[in-house]
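# Examination of the molecular architecture
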Amino acid sequence: MPFNQKPHKFNAKINTVTIGSGDKTVAIGGNSTFPFYTFDAPTENTAKVGVEISDMGLEGASEGIKAYYEGASTMAEIAKKAAAMEGADFVALVLEGGDPNGENKSVEELIAVVKEVADAIDCPLVVEGCKNVEKDAELLPKVAEVLQGRNVLILSEKEENYKAIGAAAGLAYNQIVGAESAVDINLAKQLNVITTQLGVNAQKIVMNVGSACAGYGYEYVVSTMDRIKGAALSQNDNMLQMPIITPVASETWGVKEASASEADMPEWGPQDERGIDMEIMTAAADLAAGSDAVILRHPQSVATISKMIKALA
């Protein structure tokens, strides 16, 4: 008996959000199927891969990452190498040095880094804060202001600071707002609702619904992303139709499998290879679960995930 494939058609689709300006832009979202379900409908926009860099330079980076950036001594040089990485679609600058519990760099210092990076590259740019809600509420509106006209994605808007960041990025300076919640469909939807109530266009919002390293309670990530995509497509819930972006590197390079030295754990093999493995496995899982873009660090991870996306598109 022959098998008759019956495509599953939805009457809804994920919003298309374009990041960047001029000739160098990337579009994320826009699809009307579950991830990689090309047998149901053609892929409108394939998933995208970003390269994470930090205002802290290469401090704490793995040996493989340091080797790739060898010779790059300024943030501008690091940014150029990140943009040129095989498989890279955009650059993601994390302003981790602004954390009051860490380096506590001033807003002025961080804005200088943002300008240096932005001036060095012409590819789309994503800027993420320092994870401190009060500092980000002060910092990210300034980032949105100095990058006016670049159509950048400003990550790290949370429920605690959405008025400051959403109003500045999404309204005053016409940037894209990255709404960050903690692996919960209701929290993700609530943040989208209150952000649009500010007046931010739903077509200018991207969700970061949270993640975890593969093997670390990852089933919560899968179920959350799956429920979000299901509600967006099958229930036509327009408050969950924003594309999803997932910063993977920050989750994977800090776990023990990636951070334990070979001296401490010789039976685990080379440290750099372990970090790459964790990053690739987590990114692949995020994309299969529903993420429309992932942010990685290692050049081998970026190249591998990019090839995977092209093979499955």
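Now for a look at the structure at hand. Every value quoted in this text rests on a predicted model; they were computed, and no experiment measured them. (Residues numbered from 1 in each chain as written. Predicted model: local features only at pLDDT ≥ 70, side-chain atom pairs only at ≥ 80, totals over all residues. Heavy atoms only, no water.)

A count of helical and extended segments in the chain gives 11 helices and 10 strands. Taken over C-alpha atoms, the radius of gyration comes to 19 Å for the chain, in line with the 20 Å a tight globule of 313 residues would show. Judged by the C-alpha coordinates and their principal axes, the chain covers about 60 × 50 × 35 Å. Every one of the 313 residues in the chain was classed for burial, and the buried ones make up 55%. Pairs at least 24 apart in sequence give 69% of the contacts found in the chain among residues at least 6 apart. In the form shown here, the chain has an accessible surface area of approximately 13600 Å², with 49% of it arising from carbon and sulfur atoms. One finds the centroid of the 25 positive side-chain charges in the chain at a distance of 7 Å from the centroid of its 43 negative side-chain charges. (Helix = DSSP H or I, 4+ residues; strand = E, 2+ residues; numbered from the N terminus. Rg over C-alpha atoms; globule rule 2.2 N^0.38 Å. Buried < 20%, exposed > 50% of the residue type's maximum accessible area, 1.4 Å probe, protein only. Contact = heavy atoms within 4.5 Å. Areas by Shrake-Rupley, 256 points an atom, 1.4 Å probe, with all protein chains shown as cover. Lys, Arg positive; Asp, Glu negative; His and termini not counted. Charge placed at Lys NZ, Arg CZ, Asp CG, Glu CD.)

Right, let's get into the layout of surface pockets. The volume enclosed by the largest pocket comes to roughly 300 Å³. Around the largest pocket, the lining comprises 16 residues; the ones closest to its centre are Lys158, Glu180, Ser181, Ala182 and Asn208. When its residues are assigned to classes, the lining of the largest pocket shows 4 nonpolar, 5 polar and 7 charged. (1 Å grid on protein atoms, 1.4 Å probe; cavity = no way out; pocket = protein on both sides within 12 Å on 5 of 7 lines; lining within 4 Å. Points joined across faces, edges and corners; volume = space filled by probe spheres on them. Nonpolar A, V, L, I, M, F, W, Y, C, P; charged D, E, K, R; others polar.)

Taking 1.5 Å as the rise per residue, helix α3 (residues 107-120) with 14 residues should run 20 Å; its terminal C-alpha atoms sit 20 Å apart, in good agreement. At its buried positions, α3 is contacted by β3 (48-54), α2 (75-83), β4 (90-94), β5 (125-128) and α4 (133-146). (Expected span 1.5 Å × (residues − 1).)

Geometrically, a packed helix pair is captured by the angle between its two axes and the distance between the axes. Across the interface, helix α7 (residues 218-234) lies against helix α10 (residues 271-289) with an axial gap of 8 Å and an inter-helix angle of 30 degrees. The angle between the axes of α7 and α10 places the two elements in the roughly parallel class. Between α7 and α10, the residues in contact are Tyr218, Val221, Val222, Met225, Asp226 and Lys229 and Thr282, Ala285, Asp286 and Ala289, respectively. A class-by-class count of the residues in the contact of α7 with α10 yields 6 nonpolar, 1 polar and 3 charged. (Axes fitted to C-alpha atoms, helices over the stretch in contact; angles between N-to-C directions. Parallel < 35°, antiparallel > 145°, perpendicular 65-115°, else oblique.)

With that out of the way, let us pick up the pattern of salt bridges. Inspection of the entire model under this criterion finds 10 salt bridges. Where Lys24 meets Asp122, a salt bridge forms, and the shortest distance between an N and an O atom there is 3.2 Å. You can see Lys24 sitting in strand β2 (residues 24-29) and its partner Asp122 sitting in the loop between α3 and β5, a full 98 residues away along the chain. Across the pair Lys158 and Glu180 runs a salt bridge whose closest N-O atoms are separated by 4.0 Å. Taken together, the residues span a long stretch of sequence, with Lys158 in the loop between β6 (153-157) and α5 (162-172) and Glu180 in strand β7 (residues 176-180) at a distance of 22 residues. Taken as a pair, Lys158 and Glu180 share a single burial class, namely buried. (Salt bridge = Lys/Arg side-chain N within 4 Å of Asp/Glu carboxyl O.)

This next bit is on empty space enclosed by the protein. Tallied over the entire structure, the rule returns 1 cavity of 30 Å³ or more. Empty space within the largest cavity amounts to approximately 230 Å³. Around the largest cavity, the lining comprises 21 residues; the ones closest to its centre are Asn31, Pro35, Phe36, Asn45 and Asp292. The class makeup of the residues in the lining of the largest cavity is 10 nonpolar, 9 polar and 2 charged.

To continue, consider unusual backbone geometry. Non-glycine residue Lys131 carries a positive phi angle of around 80 degrees. Inspection of the secondary structure puts Lys131 in the loop between β5 and α4. Unlike most non-glycine residues, Asn174 shows phi in positive territory, near 55 degrees. Tracing the chain through its elements places Asn174 in the loop between α5 and β7.

Spatially, 8 strands are ordered β8-β7-β6-β5-β4-β3-β10-β9 in an open sheet, and the strand pairing comes out parallel. Since the sheet does not close on itself, it has two edges, and those belong to β8 (205-208) and β9 (245-247), each with one partner. Taken pair by pair, the neighbouring strands of this sheet meet at an average axis angle of 25 degrees, ignoring direction. As defined by bridge partners, β9 adjoins strand β10 (residues 293-296) across 3 bridges and the pair is classed as parallel. By the bridge assignment, Pro247 is partnered in β10 with Ile295. (Pairing = 2+ DSSP bridges.)

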